Amino acid sequence: MIKLIKRIRSLIFTFIAKKSSGNFGPSIKANGYTRLNKHTHVGKNVHFNGLIVYGKGNFVIGDNFHSGFGCKVLTSYHNHSGDAIPYDKTLIVKDVIIKDNVWLGINVTILAGVTIGEGAIIQAGSVVVSDIKELGIAGGHPAKVFSFRDREKYDSLKREGKFI
C-alpha cells in the first residue's frame, strides 16, 4: 500500500512539473513538489525531489540531473538601483544554466545568472551566487568550490553510461 501511495504521489508531482515547464525531456520524474516556469528546458533522465523556479528568466537543465527536496532557483530579482527604495518596479532577468550530470543536495538555492558546470555537486543548504566550475564540489553560503570530482573516474563512468 505504501509503495502504491508513493507511486501515485510521484505521478502527480511529475505531472505538475511537466505542466509547469516550457520544454521537458523524455524522462522526467518528480518525487516531491516541483514547479518550473514556462522558460524551463529540461534534459533527459532528470529527477526532482522538490524544486521551485521563481522568476521570468530561462532555466536550462542538462541530462542526468538530480535534486534534493526544498531546492529553489531564482531567475529574476528586483532592481535596487532604480527609481524607488528599497527597489523599483522593474525586474532584472538572468538565466540559470545547469549542465549535464549535476546533483543538488537538499535545500539548495541558486540565484539568477548562475551557471553550474558539468558534473558539479552542490552541498545541502548551499546558496549559489556565482558560477561553479565543471566537476566542482561546492558548499556554503555563498557556495564555494572546496574540491573536485576525480576527472578520470568521472570520464570513465560517463563513457560507460553509468547514470542513475
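Preceding this paragraph is the structure being described.
Asks: Would you take a moment to explain the sheet that holds strand S8 (residues 71-74) for this structure?
Replies: Strand pairing in a sheet relies on backbone hydrogen bonds, with the paired strands running either antiparallel or parallel. With parallel pairing, 5 strands are arranged side by side in an open sheet as S2-S5-S8-S13-S16. Both edges of this open sheet fall to strand S2 (34-35) and strand S16 (127-128), since each of them pairs with a single strand only. With 2 bridges connecting them, S8 and strand S13 (residues 109-110) associate as parallel partners. Paired with Val73 across the strands is Ile110, a residue of S13.

Asks: What should I look at first to understand the nonpolar core in this one?
Replies: Note that soluble globular proteins tend to have their nonpolar side chains buried in a common cluster. Ranked by size, the top nonpolar core spans 29 residues in total, and within it Phe48, Leu51, Phe65, Ile98, Leu104, Ile110 and Ile116 carry the most contacts. When residues of this core are traced back to their parent elements, those giving at least two are helix H1 (2-20), strand S1 (28-30), strand S4 (46-48), strand S5 (51-54), strand S6 (59-61), S8 and strand S11 (96-98). Not counting residues within four places of it along the chain, the set of residues in contact with Ile116 comprises Ile97, Ile98, Lys99, Val102, Leu104, Ile110, Ile122 and Ile132.

Asks: When you look at the sheet that holds strand S14 (residues 115-116) in this model, what are you seeing that I'm missing?
Replies: One open sheet holds the 4 strands; their spatial order is S3-S6-S11-S14, and the pairing between them is parallel. The sheet is open, and its two edges are formed by strand S3 (40-42) and S14, each paired on a single side. Note that S3 and S6 share 3 bridges and pair parallel. If you follow His41 over to S6, its bridge partner there is Val60.

The rules we used
Residues numbered from 1 in each chain as written. Predicted model: local features only at pLDDT ≥ 70, side-chain atom pairs only at ≥ 80, totals over all residues. Heavy atoms only, no water. Pairing = 2+ DSSP bridges. Helix = DSSP H or I, 4+ residues; strand = E, 2+ residues; numbered from the N terminus. Core = buried A, V, L, I, M, F, W, Y, C linked by side-chain atoms within 4.5 Å. Buried < 20%, exposed > 50% of the residue type's maximum accessible area, 1.4 Å probe, protein only. Contact = heavy atoms within 4.5 Å.

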